[in-house]
Amino acid sequence: MSFSHILKSSLTHKCPRCLEGNLYPDMNPYHLKHTTEMYSHCPKCDLNFFPEPGYYYGAMYVSYAFTIAIGVAVFLLYFFLVPTFSPMPFLLLFTLILLGLAPYTFRTSRAIWLNFFNRYSPKQQSLTSKK
Ligand SMILES: [Zn+2]
């Protein structure tokens, strides 16, 4: 296990245990009809992606952190690039950027949350695999 495994799993939406199975049947988060669909188990190593009811409520905290980070970044860019700061254009820009990134941050928040409780372990993959 290393930070690079966590980063790869989180950013590419792969299973945190085997780094091979996809978390989502449709890997494009911008296919909005399928954005929230997620496998119940890893297709490669059979890791349970829903270990308990309400498991992904915690991912909302990760999403909140994303929102704050994006807000600070947009604010700093806006503050330094636009000569006269006014709140309404900033809020409009911030809202549009948040809405544009929402499908990706939704899925990435879930992937990060899954990485909090599961570690890269390719040996465990063969022990639990049904194939
Ligand atoms: Zn897996």
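Residues numbered from 1 in each chain as written. Predicted model: local features only at pLDDT ≥ 70, side-chain atom pairs only at ≥ 80, totals over all residues. Heavy atoms only, no water.

### Quick word on the overall build of the protein
In terms of regular secondary structure, the protein is built from 4 helices and 0 strands. Along the protein, helices (α) and strands (β) appear in the sequence α-α-α-α when read from the amino end. Across its three principal axes, the protein shows a C-alpha extent of roughly 60 × 30 × 25 Å. The proportion of buried residues among the 131 residues of the protein is 33%. Long-range pairs, those at least 24 residues apart, make up 63% of the contacts in the protein between residues at least 6 apart in sequence. (Helix = DSSP H or I, 4+ residues; strand = E, 2+ residues; numbered from the N terminus. Buried < 20%, exposed > 50% of the residue type's maximum accessible area, 1.4 Å probe, protein only. Contact = heavy atoms within 4.5 Å.)

### Comments concerning the nonpolar core
Across soluble globular proteins, nonpolar side chains show a tendency to be buried alongside one another. Counting 16 residues, the largest nonpolar core has Cys 15, Leu 23, Met 38, Cys 42, Phe 49, Tyr 56 and Leu 114 as its most contacted members. Listing elements by their share of this core, those giving two or more residues are helix H2 (59-81) and helix H3 (87-117). Per-element accounting of this core gives the leading share, 3 residues, to H3. Residues contacting Phe 49, with those up to four places away along its chain left out, are Cys 15, Pro 16, Asn 22, Leu 23, Met 38, Tyr 39, Ser 40, His 41, Cys 42, Tyr 55, Tyr 56 and Leu 114. Ranked by size, the runner-up nonpolar core spans 5 residues in total, among them Ile 70, Val 74, Tyr 78 and Phe 90. (Core = buried A, V, L, I, M, F, W, Y, C linked by side-chain atoms within 4.5 Å.)

### Concerning the coordination of the zinc ion
Only Cys 15 (SG), Cys 18 (SG), Cys 42 (SG) and Cys 45 (SG) from the protein reach the zinc ion as donors, at distances of 2.2 to 2.3 Å. Considered as a linear motif, the donors of the zinc ion on their single chain read C-x2-C-x23-C-x2-C. Grouping residues by exposure puts Cys 15 and Cys 18 together as buried. (Donors = N, O, S within 2.8 Å, 3.2 Å for Na, K, Ca; no water.)

### With respect to the side chain of Arg 107
For Arg 107, the position within the fold is in helix H3. Despite its burial, Arg 107 pairs with no opposite charge, the nearest such side chain being Asp 26 at 5.6 Å. Setting aside its immediate chain neighbours within four residues, Arg 107 contacts His 13, Tyr 24, Asp 26, Met 27, Asn 28, Pro 29, His 34, Thr 35 and Glu 37. (Lys, Arg positive; Asp, Glu negative; His and termini not counted. Salt bridge = Lys/Arg side-chain N within 4 Å of Asp/Glu carboxyl O.)

### Side note on unusual backbone geometry
Notably, Leu 19 is not glycine yet its phi reads approximately 60°, a positive angle. Of note, Asp 46 is a non-glycine position whose phi angle comes to about 70°, a positive value. Residue classification places Asp 46 among the partly exposed positions, given a relative accessible area of 25%.

### What about the packing of helix H1 (residues 3-12) against H3?
Running from N to C, H1 and H3 point in directions that differ by 145°, and their axes come no closer than 7 Å. When the axes of H1 and H3 are compared, the crossing they make is right-handed. Contact residues: H1 offers Ile 6, Ser 9, Ser 10 and Leu 11, while H3 offers Tyr 104, Thr 108, Ala 111, Ile 112 and Asn 115. (Axes fitted to C-alpha atoms, helices over the stretch in contact; angles between N-to-C directions. Left-handed = near helix turned anticlockwise from the far one by under 90°.)

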